Amino acid sequence: PEETVTGSFASFIGAARPEHLSQTVRQRSKRMILDSIGVGLVGSTTPVFDIALRYCRELYSSLAVSSVYGKPGVKLSPTLAAFTNGVATHSMDFDDTWHPATHPSGAVLPALLAASQMLPPSTKPNGLDFLLAFNVGLEVQGRLMHFSTEAHDIPKRFHPPSVVGTLGSAAATAKLLSLSSAQCCHALGIAASLAGAPMANAATQAKALHVGNATRLGLEAALLAARGMEANPLILDDIPGCSGFSAFYSVYQPKLLAAPSERHEFLLEKQDIAFKRFPAHLGMHWVVDAALSVRNLFINYAGSFSPSLIRTIVLKIPVSKYINRPFPSSEHQARHSFQFNACAALLDGEVGLSSFSESSIRRQELRELLDKVVVEHPEDNVANFDKMYGEVALLLHSGDVLTGKCDTFYGHWRKPLSKESLLKKFRSNASHVLPEEKIEAIIALVDNLENLSDSSQL
């Protein structure tokens, strides 16, 4: 089995050790964990989270041992807690993004938090075990995405976390539960049968289910494998005439994953994460920074921001159908609209949580700006989070043209958030549901995660 792609992945899961985590990987993954908890906490204030929580509490109640974001005293079964917390994490599209494109933390962290509380006291994983399992889940996601050139571009068919995230969750949980190599193979195979969600549900409440299901179903896959369920042990291999994981990609060229050696380098070492400054699709961050840049030029030019002086707003953006929305009518559509985010940034000088309220979306002055937007798709602006750019040009009635362009927004992996900015974001998000002393306690716990004797404290 070790000579197959699937077998090599299973062997890697079992062989990974804490000493394989470099200081860079530890620090980057702790940033991800803290940010993911923060967006999950603020996400627990959303309507879609309330729907998911009510569903779980009304229909299921057995083995209620695992905590729910933002709801002190509420416990659910481990799989449903993972599901609910996954929904919270992605409910505002505020969670981290990797390259190739996926949301890695939300698909893994809720499963590990729930599993940690599920295990009996004598087998509780410590913080270093938890950190290693988290990174195993990231590594599996990243490796799977690198098997397809299609995965490098903004997705068109399947939402990536619903695909690679489900297997990442299964791998992370399998590591935390110390499953055998054969069981890890089966966990990945079971997870593949539970994976996949279409991009057509982007910009709806159902999109949050993609991450909720990924983390829940990956956890379930590992638990089923631990109890003896079997699946195809070649699920990740490219078998002619019989699609396994290759069913999710038009081009799929898997490679063996070598067992971690003393010099093993996790993908997180090579490829940092993008953290969002405001709750919207990652592509929006380019046009917002470009819009803020041209807004400053406009104020220097006219003395204040006066929409009446603008004849046309030209957006130069990549081709991506599901985030090209001229007149969004809901918060979820607004989070996936180049036009809305550019105009909101122009009008308000910022984009934040309140930008996506119903009252903000329906403002007459915002609608008037949206009416002036024209979209262009330059050939050099490709739909790829590592190569795209955002450009906003204001064509004034005077004939003058002002232009702002963003190649790399603040928070992108090439321009990462500072520690101060990340802590500011976490404190702001967590403050919606937690008092200051608990917020600071979480920051301290995550910062000292390697030394935590019982990871279920998190």
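As a convention, each chain's residues are numbered from 1 in the sequence order in which they are written. Side-chain atom pairs in this predicted model are given and counted only at pLDDT of 80 or more, local residue features only at pLDDT of at least 70, and totals for whole chains, interfaces and linings cover all residues. As a rule here, side-chain values cover all heavy atoms of the structure and leave hydrogens and water aside.

As named in an unreviewed UniProt entry, the protein chain is Cis-aconitate decarboxylase, taken from Thryothorus ludovicianus. Recorded in UniProt for the protein chain, the comment headed Sequence similarities (unreviewed entry) runs: "Belongs to the PrpD family." UniProt positions are given in the numbering used here, feature names are shortened, and annotations may be inferred rather than shown by experiment. A UniProt comment under Catalytic activity (unreviewed entry) is attached to the protein chain, and it reads "cis-aconitate + H(+) = itaconate + CO2".

Chemist: I keep staring at the overall build of the protein chain and nothing clicks. Help me out?
Modeler: A run of DSSP states H or I qualifies as a helix once it reaches four residues; a run of E qualifies as a strand once it reaches two. Both are numbered from the N-terminal end. Scanning the protein chain for helices and strands turns up 17 helices and six strands. Only C-alpha atoms enter the radius of gyration, while the globule expectation follows 2.2 Å times N to the 0.38, with N the number of residues. Its C-alpha radius of gyration of 22 Å places the protein chain within 12% of the 23 Å reference for a compact globule of 458 residues. Dimensions of the protein chain along its principal axes, counting C-alpha atoms only, are 70 × 50 × 40 Å. By residue count, 59% of the 458 residues in the protein chain fall in the buried class. Contacts in the protein chain between residues at least 24 apart in sequence constitute 77% of all its contacts with a sequence separation of at least 6. Computed by Shrake-Rupley with a 1.4 Å probe, the accessible areas treat only the displayed protein chains as cover when residues are assessed. As displayed, the protein chain has an accessible area near 17,700 Å², and 50% of this comes from carbon and sulfur atoms. His is not counted, nor are the chain ends; Lys and Arg add positive charge and Asp and Glu add negative charge. Just so you know, the charge point we use is NZ for Lys, CZ for Arg, CG for Asp and CD for Glu. Distance between charge centroids for the protein chain: 2 Å, based on 41 positive and 43 negative side chains. Any residue under 20% of the maximum accessible area for its type is buried, any over 50% is exposed, and the rest in between are partly exposed; the area is computed with a 1.4 Å probe on protein chains only. Residue contacts are defined here by distance: any two heavy atoms, one from each residue, within 4.5 Å place the two residues in contact.

Chemist: Looking at this model, I keep getting lost on the pattern of salt bridges. Mind explaining?
Modeler: Oppositely charged side chains can form a pair if their charged atoms are brought close together. Counted as salt bridges are all cases of a side-chain nitrogen of Lys or Arg within 4 Å of a carboxyl oxygen of Asp or Glu. Considering all chains together, one arrives at 17 salt bridges under this definition. Among the ionic pairs, E331 bridges to R335, the shortest N-O distance being 2.5 Å. Look at the salt bridges and you will find they share partners, linking R26, K30 and E450 into a network.

Chemist: Explanation requested: the UniProt feature "domain: MmgE/PrpD C-terminal" (unreviewed entry) in the protein chain in the structure shown.
Modeler: Within the UniProt annotation, "domain: MmgE/PrpD C-terminal" (unreviewed entry) is assigned to residues 278-450. A helix fraction of 40% and a strand fraction of 14% characterise residues 278-450, whose end C-alpha atoms lie 29 Å from each other.

Chemist: Could you clarify how one ought to interpret the side chain of R295 in this entry?
Modeler: Secondary-structure assignment places R295 in helix α11 (residues 284-302). N or O atoms closer than or at 3.5 Å make up a polar contact, with two conditions inside protein: a donor-capable atom paired with an acceptor-capable one, and, for residues adjacent in sequence, both atoms drawn from side chains. There is a polar contact of 2.5 Å between the side chain of R295 and the backbone oxygen of L346. With near-sequence residues (within four places) excluded, R295 lies in contact with F305, A345, L346, L347, D348 and G349.

Chemist: Even after reading the chapter, I still don't get the pairing of strand β6 (residues 401-406), so can you show me in this structure?
Modeler: Note on strand geometry: in a regular strand, side chains alternate between the two faces of the sheet. Because side chains alternate across β6, one face comprises the buried residues L402, G404 and C406, and the other comprises V401, T403 and K405, none of which is buried. Whether two strands pair depends on DSSP finding at least two bridges between them. Here strand β5 (residues 390-396) pairs with β6 via six bridges, running antiparallel. Looking across to β6, one finds that V392 is bridged to G404. Remark: four residues form the turn of the hairpin made by β5 and β6, two consecutive strands paired antiparallel; G399 in that turn has positive phi of roughly 100 degrees.

Chemist: Looking at this structure, how should I read the sheet that holds β6?
Modeler: One key point about sheets: their strands pair by backbone hydrogen bonds, in either a parallel or an antiparallel sense. Strands sit in the order β4-β3-β5-β6 across an open sheet of four strands; the sheet is mixed. Looking at strand neighbours, the two that pair on one side only are β4 (373-376) and β6, the edges of this open sheet. Adjacent strand axes in the sheet meet at a mean angle of 20 degrees, parallel and antiparallel pairs treated alike. Throughout, an axis means a line fitted to C-alpha atoms (over the contacting stretch in the case of helices), and angles, computed between N-to-C directions, take values from 0 to 180 degrees. Packing against the sheet, α11 makes contact with β3 (310-316), β5 and β6, and its axis sits at approximately 145 degrees to β6. Lying over the sheet, helix α13 (residues 338-348) contacts β3, β4 and β5, oriented at roughly 130 degrees with respect to β3.

Chemist: I would appreciate a short explanation of the domain arrangement of the protein chain in the present structure.
Modeler: Where the parts come together, the accessible area they lose is often given as the size of the interface. Segmentation of the protein chain into domains returns domain 1 (5-277 + 416-457) and domain 2 (282-406). Domain delimitation in this document rests on an assignment produced automatically or drawn from a domain database. A C-alpha centroid distance of 33 Å is found between domain 1 and domain 2. Counting residues at the interface gives 22 residues for domain 1 and 18 residues for domain 2. As a working definition, buried area equals the accessible area (1.4 Å probe) given up by two parts on being put together, with both sides summed. The junction of domain 1 with domain 2 conceals about 1,800 Å² of combined surface from both sides, 63% of it contributed by carbon and sulfur atoms. Three residues, I154, A203 and R277, lead the burial of domain 1 against domain 2; their summed loss comes to 36% of the area buried on that side. Counting every contact that joins domain 1 to domain 2 gives one salt bridge. Our count for the domain 1 to domain 2 interface comes out at seven residue pairs in polar contact (both at pLDDT 80 or more). Of the residues contributing to the side of domain 1 that touches domain 2, the split by class is 10 nonpolar, seven polar and five charged. Lys, Arg, Asp and Glu make up the charged group, whereas Ala, Val, Leu, Ile, Met, Phe, Trp, Tyr, Cys and Pro make up the nonpolar group; the residues left over, Gly among them, are polar.

Chemist: Explain helix α17 (residues 436-447) to me, please; I cannot follow it from the model alone.
Modeler: Because the α-helix completes a turn every 3.6 residues, residues three or four places apart line up on one side. Here the expected length of a helix is defined as 1.5 Å per residue gap, with one fewer gap than residues. For α17, built from 12 residues, the straight-helix expectation of 16 Å at 1.5 Å per residue is met to within 8% by its first-to-last C-alpha distance of 17 Å. Along α17, the residues classified as buried are I439, I442, I443 and V446. All buried residues of α17 lie within an arc of 100 degrees about the axis, which places them on one face of the element. Buried-residue contacts for α17 involve α2 (23-43) and α16 (419-430). In this description, the arc belongs to the directions extending from the helix axis to the C-beta atoms.

Chemist: Is there a simple way to think about the packing of aromatic side chains in this case?
Modeler: A pair of aromatic rings is counted whenever rings of Phe, Tyr or Trp (Trp by its six-membered ring) have centres within 6.5 Å, and the orientation is called stacked for planes under 30 degrees apart, edge-to-face for over 60 and tilted otherwise. All chains considered together, the criterion is met by 11 aromatic pairs. When the centroid spacing of 5.9 Å and the interplanar angle of 80 degrees are considered together, the rings of F147 and Y252 count as edge-to-face. With F147 in the loop between α6 (127-145) and α7 (160-176) and Y252 in the loop between α9 (207-226) and α10 (267-270), the pair connects residues that are 105 residues apart, well separated along the chain. A residue is classified by how much of its surface remains accessible, and Y252, at 6% relative accessible area, is buried.

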